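Chain and residue survey
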Amino acid sequence: LFILAGYVGWRIHTPHPLTKSRKIMLAVLPFENLSGNPEQDYLSDGLTEEMITQLGRLHPERLGVIARTTMMQYQGTKKSTAEIGRELGADYILEGSVRRSNGRVRITAQLIQVSDQTHVWADSYERNLSDVLTLQSEVASAIAERIQLQLTPAQRERLTNAQAVNPQAYEDYLKGRFYWNKRTEDGFEKAIVRFDQSIAEDPNYAPPYAGLADTYNLLGSVPANALPPRVAMTKARDAASKALALDESLAE
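This one's a predicted model, so the numbers in the text were calculated from it and none came from an experiment.

**Structural notes on the overall build of the protein**
The helix and strand inventory of the protein stands at eleven helices and six strands. Overall, the C-alpha framework of the protein stretches about 75 × 45 × 40 Å when taken along its three principal axes. Within the span of the protein, comprising 252 residues, buried residues form 42% of the whole. Taking as baseline every contact in the protein between residues at least 6 positions apart, the subset at least 24 positions apart corresponds to 61%. Only carbon and sulfur atoms are counted for the fraction: they give 51% of the accessible area of the protein, which is about 13,600 Å². Positive and negative charge centroids in the protein, built from 28 and 31 side chains respectively, lie 5 Å apart.

**Quick look at the side chain of E171**
Residue placement: E171 occurs in helix α8 (residues 167-180). Ignoring sequence-local partners within four residues, the contact set of E171 consists of Y42, R100 and L129.

**Details of the nonpolar core**
Judged by nonpolar contacts, the single largest core of 67 residues is most densely connected at L26, L55, L94, W121 and I143. For L94, the residues in contact, after removing those within four places along its chain, are L26, A27, V28, L29, M51, L55, A109, Q110, L111, W121 and I143.

**Looking at the packing of aromatic side chains**
Counted under the stated rule, the structure contains three aromatic pairs. Between Y173 and F195, the aromatic rings sit 5.9 Å apart at their centres with planes inclined by 40 degrees, giving tilted as the arrangement. Placement of the pair is Y173 in helix α8 and F195 in helix α9 (residues 185-201), with a sequence separation of 22 residues. Taken individually, Y173 and F195 each receive the classification buried, so the pair is uniform in this respect. Taking 5.8 Å as the distance between ring centres and 70 degrees as the angle between the ring planes, the aromatic pair formed by F178 and Y179 counts as edge-to-face. We classify F178 as partly exposed; its relative accessible area is 24%. Since its relative accessible area comes to 22%, Y179 is described here as partly exposed. Through a chain of ring-to-ring contacts, three or more aromatic side chains come together here, namely Y173, F195 and Y205. One cation-aromatic arrangement involves K175 over Y42; the distance from NZ or CZ to the ring centre is 5.1 Å.

**A look at α9**
For α9, spanning 17 residues, the distance from its first C-alpha to its last is 25 Å, which sits close to the expected 24 Å at 1.5 Å a residue. Taken together, the buried positions of α9 are occupied by G187, F188, A191, I192, F195, S198 and I199. Viewed along the axis of α9, the buried residues span an arc of 140 degrees, placing them on a single side of the element. Those residues of α9 that are buried are in contact with α8 and α10 (207-219).

**Some points on the pairing of strand β4 (residues 92-101)**
Direction of pairing for strand β1 (residues 24-28) relative to β4: parallel, over a ladder of three bridges. Residue pairing across strands places L26 opposite Y92, the latter belonging to β4. As paired strands, strand β2 (residues 32-33) and β4 are joined by two bridges and run parallel to one another. Across the sheet, the residue bridging to N33 is V98, located in β4. In textbook terms, the turn of a hairpin is the stretch between consecutive antiparallel strands, and for β4 and strand β5 (residues 104-113) this stretch comprises two residues, one of which, N102, has a positive phi near 50 degrees.

Here is what the cut-offs are and how they apply
Residues numbered from 1 in each chain as written. Predicted model: local features only at pLDDT ≥ 70, side-chain atom pairs only at ≥ 80, totals over all residues. Heavy atoms only, no water. Helix = DSSP H or I, 4+ residues; strand = E, 2+ residues; numbered from the N terminus. Buried < 20%, exposed > 50% of the residue type's maximum accessible area, 1.4 Å probe, protein only. Contact = heavy atoms within 4.5 Å. Areas by Shrake-Rupley, 256 points an atom, 1.4 Å probe, with all protein chains shown as cover. Lys, Arg positive; Asp, Glu negative; His and termini not counted. Charge placed at Lys NZ, Arg CZ, Asp CG, Glu CD. Core = buried A, V, L, I, M, F, W, Y, C linked by side-chain atoms within 4.5 Å. Phe/Tyr/Trp six-rings, centres within 6.5 Å; stacked < 30°, edge-to-face > 60°. Lys NZ or Arg CZ within 6 Å of the ring centre and 35° of its normal. Expected span 1.5 Å × (residues − 1). Arc of directions from axis to C-beta. Pairing = 2+ DSSP bridges.

Shown next, in the form of structure tokens:
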């Protein structure tokens, strides 16, 4: 009994390496569109996806971010954050809203700790649409600080060096992703139009090329063979190569 009591005491007071190395799991709920206009859903959906991408590349070894396809199932849900956290095995949940007016975007976000349902952090940001990447970086930095992520100098530099983006190019890109996510042939065709418009606005903006690659990839894979696979995959490869030539760190 004495030996057992000593072992239990040692276990309690000694950090377990598996616990230390376990990833923190974060779920980003679909941002709520507060504009009152359903045609602005592409913006709230797009910012949700962009936020997931931004946080997912923040510190992959330490922070796991649940994928968009899983999270979009909770759009408009009446479930509590406690229920969602249990279903997903998430430690934290980020929820927020988006409102757009006169070329400016206002985002309100709050971080909730699932274990005790406490609000760890909340803030509001308002920027011109051209500064939306900076806005996303500020949210990511705040979350990293609150959940005590130890970022490397390179990771911090990536957050602080967010570039301004052509507003129309960015908007067309988000609309392209909105249509692409519908996963229909008609949606793919509309996505290509939007990605091409984004590229026309700013040929040096890498994400719409990645969007084209994704779209041609799926167009060549749908059961109806909307586009011959040989043609589709060649277009997809060319677009992906162009995206990487413009930004070799692009996660998309």
